[in-house]
Amino acid sequence: MEEPKKRYGCCVAGGGPAGMMLGFLLARAEVEVLVLEKHADFLRDFRGDTIHPSTLEVLFELGILEDFLALPHQEVLRFSAQVGEVQVPFADFTHLPTHCKFLAFMPQWDFLDFLAACGKRYPAFHLWMRAEAVGLIEEGGRVVGVEVVTPEGKRDVRADLVVGADGRHSTVRERAALPVREFGAPMDVLWFGISRTPSDPAASMGRLDPGRIFVLINRDRYWQCGYVIPKGTLESLRAAGIEAFRESVAQAAPWARDRVGEIRSWDDVKLLTVQVDRLTRWYRPGLLCLGDAAHAMSPVGGVGINLALQDAVAAANLLSAPLAEGRLGVSDLAKVQKRREWPTRATQWFQLQVQQRIIAPVLGRSTSLELPLIVRLLARYPILRRIPARLIGVGVRPEHVRSPEARRAA
Ligand SMILES: Cc1cc2nc3c(=O)[nH]c(=O)nc-3n(C[C@H](O)[C@H](O)[C@H](O)COP(=O)(O)OP(=O)(O)OC[C@H]3O[C@@H](n4cnc5c(N)ncnc54)[C@H](O)[C@@H]3O)c2cc1C
């Protein structure tokens, strides 16, 4: 790990989608930026894998789309879900006004490695792995740096701006005591893997049955499985035993019945708690929160990564000049919240509607499911499937790269 500089333009806590994209964009605009990631690598299986058409558009604007598409990925043109035994199509991406009219599925660690490699082509980009932000350094009511725990010991990093991009359990936002509004979620997700064979279905998919929602993400050699349960019911599932759980998985994916024994015990099943919340103020002098640290997203619609990346693009657009010129003020940080709060509110509203109107009723039912009217309309009128495609694929207020490329990459 390199020696810390005397002072950075920006120190970003968290090397997820928001943090890595912001680090790359600021370095590209010649702002000295240090990204801190507490893990040793990006290889964690609890991340979403979706890269949306609006994110692909950003990659196009940055001139790195071709390189990205050269990496192994799947291109999904349409979304459908299986409700009981009925296949219900609900989103069609092929009409979107973007270069890529599909959603790309790529393991998120590959995407983050890709962003890190793009960032490292600029001399102003610095990335410390195994570096955990544990506290804020404050002087005269202003945040001026971060306390970082590294394998070499504790370090103080000083920066004109500290960005909390450390996800939904953000240490930075907690240390900054920023006010937060909770919205709640009726579900949690059990996360585990089952091996994949060539005769399995090719695409990622979701299935809704009374009392159960099951999502399968194709990760080539294995299925990443998300088993959605009513919040707080893991203990009763455990009490019923791992065999009963395996049987429930086999019912949801009968073609994988021969492999459910790979779930050897509850140790192979991770609980991902779902929370939905939003800061009412995203900043303080010298500090800004972005992505899930500013607004923890539900997995509904698989849009949280896109929103986090769009936050990063907007922040780079608004902050790279003030940072490069050493004139960053609180009003600049307020502009970022102003720009991104409305798309966040709109997206979370949509997620909460789906949670309340579809997910909670499905999880609460023990008898056959009745399709909600909106889903029946989507199944019947293909043109309507462009609306969810737009919401999921592009989102509300897509951002475009306006931060300058001050020095071309090596
Ligand atoms: C079960 C589940 C499934 C989901 N599936 C999808 C999906 O398929 N598609 C989608 O778009 N969204 C999905 N989401 C939402 C999505 O994961 C988030 O909205 C998105 O990851 C937010 O990105 P981020 O960069 O803000 O934070 P994160 O992705 O959480 O990244 C934060 C990073 O900060 C690091 N970190 C944390 N604390 C510190 C610290 N103190 N110091 C240094 N580093 C730190 C973490 O290791 C992590 O790398 C899902 C959410 C859940 C709960």
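My aim in this report is to walk through the structure given alongside it, one point at a time. (Residues numbered from 1 in each chain as written. Predicted model: local features only at pLDDT ≥ 70, side-chain atom pairs only at ≥ 80, totals over all residues. Heavy atoms only, no water.)

Comments concerning the packing of helix α8 (residues 304-324) against helix α9 (residues 330-364)
Step number 1: In contact at an axis separation of 9 Å, α8 and α9 are set at 160° when each is read in the N-to-C sense. The orientation of α8 relative to α9 falls into the category roughly antiparallel. Every pair of crossing elements has a handedness; the one defined by α8 and α9 is right-handed. Judged by residue contacts, L307, Q310, D311, A314, A315, L318, L319 and P322 of α8 engage D332, L333, K335, V336, R339, R340, P343, T344 and T347 from α9. (Axes fitted to C-alpha atoms, helices over the stretch in contact; angles between N-to-C directions. Helix = DSSP H or I, 4+ residues; strand = E, 2+ residues; numbered from the N terminus. Parallel < 35°, antiparallel > 145°, perpendicular 65-115°, else oblique. Left-handed = near helix turned anticlockwise from the far one by under 90°. Contact = heavy atoms within 4.5 Å.)

Points about α8
Every α-helix winds through 3.6 residues per turn, so residues three or four apart in the chain are directed the same way.
Step number 1: Between its first and last C-alpha atoms α8 spans 29 Å; for 21 residues at 1.5 Å apiece the expected length is 30 Å, and the two agree.
Step number 2: Most pronounced at L318, the bend in α8 amounts to some 40°, and the proline P322 follows within four residues.
Step number 3: Burial of α8 is extensive: 17 of the 21 residues sit out of reach of the surface.
Step number 4: Downstream of α8 by one or two residues, G326 has phi in the positive range, about 65°. (Expected span 1.5 Å × (residues − 1). Bend = angle between axes of the 7 residues up to and from the residue. Buried < 20%, exposed > 50% of the residue type's maximum accessible area, 1.4 Å probe, protein only.)

Observations concerning the pairing of strand β15 (residues 212-219)
Along any regular strand, the residues point their side chains to alternate faces of the sheet.
Step number 1: By the criterion of burial, β15 is predominantly enclosed, with 7 of the 8 residues buried.
Step number 2: Direction of pairing for β15 relative to strand β16 (residues 222-230): antiparallel, over a ladder of 7 bridges. From the neighbouring strand, V215 faces β16, where its bridge partner is G226.
Step number 3: Between β15 and the antiparallel strand that follows it, β16, lie 2 residues; D220 among them carries a positive phi value of about 70°. (Pairing = 2+ DSSP bridges.)

Observations regarding the sheet that holds strand β4 (residues 74-76)
Step number 1: Judged by pairing direction, the sheet is antiparallel, and its 3 strands sit side by side in the order β3-β7-β4 without closing on themselves. Of all the strands in the sheet, just β3 (50-51) and β4 have a single pairing partner and so form its edges.
Step number 2: In the sheet, β4 pairs with strand β7 (residues 103-105) via 3 bridges, with the strands oriented antiparallel. Bridge pairing in β7 links Q74 to F105.

Brief notes about the environment of A116
Step number 1: By the secondary structure assignment, A116 is in helix α4 (residues 108-119).
Step number 2: In sequence terms A116 and L127 are 11 residues apart; their C-alpha atoms lie 7.9 Å from each other.
Step number 3: The contacts of A116, once residues within four sequence positions are left out, are M20, F42, F125 and L127.

Observations concerning a nonpolar patch on the surface
Step number 1: Judged by side-chain polarity, L373, L377, Y381 and I383 come together as a nonpolar surface patch covering roughly 400 Å² of accessible area.
Step number 2: Considering the arrangement of structural elements, one finds L377 in helix α10 (residues 373-380).
Step number 3: You can call L377 partly exposed: its relative accessible area is 32%. (Patch = residues over 30% accessible without salt bridge, like charges linked within 9 Å, V, L, I, M, F, W, Y side chains within 5 Å. Areas by Shrake-Rupley, 256 points an atom, 1.4 Å probe, with all protein chains shown as cover. Salt bridge = Lys/Arg side-chain N within 4 Å of Asp/Glu carboxyl O.)

Section: the sheet that holds strand β14 (residues 205-209)
Step number 1: Ordered by their spatial adjacency, 7 strands build an open sheet running β6-β5-β14-β15-β16-β13-β17, and the pairing between neighbours is mixed. If you trace the sheet from one side to the other, it starts and ends with β6 (86-92) and β17 (270-273), each paired once. On average, adjacent strands in this sheet sit at an angle of 25° to one another, irrespective of strand direction.
Step number 2: One ladder, built from 4 bridges, connects strand β13 (residues 187-195) with β17; its direction is antiparallel. Across the sheet, residue W191 finds its bridge partner in β17, namely K270.
Step number 3: Strands β13, β14, β15 and β16 of the sheet are contacted by helix α7 (residues 242-252), whose axis makes an angle of about 70° with β15.

Describing α4
Step number 1: Counted at 1.5 Å a residue, the expected span for α4 with its 12 residues is 16 Å, and the 16 Å between its end C-alpha atoms agrees.
Step number 2: α4 sits mainly inside the fold: 9 of its 12 residues count as buried.

Here's the deal with the environment of E399
Step number 1: By the secondary structure assignment, E399 is in the segment after α11 (386-393).
Step number 2: The spacing of E399 and R340 is 59 residues in sequence and 9.6 Å in space, taken between C-alpha atoms.
Step number 3: Once you skip the residues sitting within four places of it in the chain, E399 turns out to touch V58, Q310, V313, A314, N317, R339 and R340.
Step number 4: A polar contact is formed between the side chain of E399 and the side chain of R340, at a distance of 2.8 Å. (Polar contact = N/O pair within 3.5 Å; in protein donor to acceptor, adjacent residues only side chain to side chain.)

Brief notes about the state of the cysteines
Step number 1: All chains considered together, the criterion is met by 0 disulfides.
Step number 2: Cysteine C11 remains unbridged, with the sulfur of C10 as its closest cysteine sulfur at 7.0 Å.
Step number 3: Of the residues examined, C11 reaches a relative accessible area of 0% and is grouped as buried.
Step number 4: With no disulfide of its own, C100 lies closest to C118 among cysteine sulfurs, the gap being 15 Å.
Step number 5: For C100, a relative accessible area of 4% corresponds to the buried category. (Disulfide = S-S within 2.5 Å.)

Honestly, it's all geometry; don't read function into it.
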